[in-house]
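# Observations on the three-dimensional arrangement
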Amino acid sequence: RRTESEVNRIWGRRAAYFTVWEKEIPTIQDPATRSLSEARKAEVSSQFDAANRRYDEARNALEPLITYLQDIRKALSTDLTRDGLVAIKPSVFNANERARQAQTALAQSAAELDALSARTASFRVQEIK
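Residues numbered from 1 in each chain as written. Predicted model: local features only at pLDDT ≥ 70, side-chain atom pairs only at ≥ 80, totals over all residues. Heavy atoms only, no water.

### What to know about the overall build of the chain
The following threshold applies: Helix numbers and strand numbers start at the N terminus; a helix is a DSSP run of H or I with at least 4 residues, a strand a run of E with at least 2. When we talk radius of gyration, it's over C-alpha atoms, and the globule rule is simply 2.2 Å times the number of residues to the 0.38. Think of it in three bands: residues with accessible area under 20% of the maximum for their type are buried, residues over 50% are exposed, and the middle band is partly exposed, with areas taken using a 1.4 Å probe on protein chains only. Working definition of accessibility: Shrake-Rupley area with a 1.4 Å probe, residue cover restricted to the visible protein chains.
Helix and strand counts for the chain stand at three helices and zero strands. Moving toward the C terminus, one meets the helices and strands of the chain in the order α-α-α. Over its C-alpha trace the chain gives a radius of gyration of 22 Å, far above what one expects of a compact globule, namely 14 Å for 129 residues. Referenced to the eigenvectors of the C-alpha coordinate spread, the extents of the chain come out at roughly 75 × 25 × 15 Å. Relative to its full complement of 129 residues, the chain shows a buried share of 24%. Accessible area for the chain stands at about 9,000 Å²; split by element, carbon and sulfur atoms hold 52% of it.

The following block contains the structure:
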C-alpha cells in the first residue's frame, strides 16, 4: 500500500514536472544549453520509466503469490487435519520462498521510488503564465 501510494504521488508530480520542463526548453536561447536541458530531461524521463518498470515487475510478482496463498488457505479450509497439514507443508515452504522473493522485489521497487522522489524533490513546479 505504501508503495502504491508513493507511485501515485510520484506520477502526479511527474506530469507537472515535465509540463514545466517542456514549456521552459523552447525559451532557452543558447542552443548548447537547450540541448543539455533536453538531454537531461530525456535522462530523467528514462529514470521515471525504469522505476515504473521495476514497480510493475514487483507488483506482477506479488499477484501470483497472493493467488497461491489463497489456494493454500482453501486447501486448509477443507482439510484442517494433521494429515492435511502434512500434505500442504511443501506448498507452504514454496509460498515462503515466493514471499521472500516478492518482498525483495517490492523493497527494491520502494527504494528506487524513494530515490527517484528524492532526486526530483528539489524541483518546485511553478505556474507558467
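We are not done yet, so read on.
### Observations concerning the pattern of salt bridges
Definition in use: Salt bridges are defined by distance alone: a side-chain nitrogen of Lys or Arg within 4 Å of a carboxyl oxygen of Asp or Glu.
What the rule picks out here adds up to six salt bridges. Here Glu-112 makes a salt bridge to Arg-54, at a shortest N to O gap of 2.9 Å. Of this pair, Glu-112 sits in helix H3 (residues 82-120) while Arg-54 sits in helix H2 (residues 31-78); the two residues are 58 residues apart in sequence, bridging distant segments of the chain. Between Arg-100 and Glu-97 there is a salt bridge, with the nearest N and O atoms lying 3.2 Å from each other. Of this pair, Arg-100 and Glu-97 both sit in helix H3, separated by three residues, roughly a single helical turn. Judged by relative accessible area, Glu-97 falls into the partly exposed class, the value being 35%.

### Regarding the side chain of Lys-41
Note the following rule: Every residue pair with non-hydrogen atoms within 4.5 Å of one another is taken to be in contact.
Position of Lys-41 relative to the elements: it lies in helix H2. Given the relative accessible area of 18%, Lys-41 is considered buried. In this structure, Lys-41 is in contact with Phe-18, Trp-21, Glu-22 and Ile-25, ignoring residues within four places of it in sequence.

### Examining H2
Rules: Multiplying 1.5 Å by the helix residue count minus one yields the expected span of that helix.
When the terminal C-alpha atoms of H2 are compared, their 71 Å separation across 48 residues agrees well with the 70 Å that a helix rising 1.5 Å per residue should span. Among all positions of H2, only Ser-37, Lys-41, Val-44, Ser-45, Phe-48, Ala-51, Tyr-55, Ala-58, Leu-65, Tyr-68 and Ile-72 are buried.

### As for the nonpolar core
Note the threshold: Buried Ala, Val, Leu, Ile, Met, Phe, Trp, Tyr and Cys residues that are joined via side-chain atoms within 4.5 Å together make up what is termed a nonpolar core.
Among the nonpolar cores identified, the biggest contains twelve residues, and these are Val-7, Ile-10, Tyr-17, Phe-18, Trp-21, Ile-25, Val-44, Phe-48, Ala-51, Tyr-55, Leu-113 and Leu-116. Elements represented by at least two residues in this core include exactly helix H1 (2-24), H2 and H3. No other element matches the five residues that H1 contributes to this core. Contact partners of Ile-10, with chain neighbours within four places excluded, come to Phe-48, Leu-113, Leu-116 and Ser-117.

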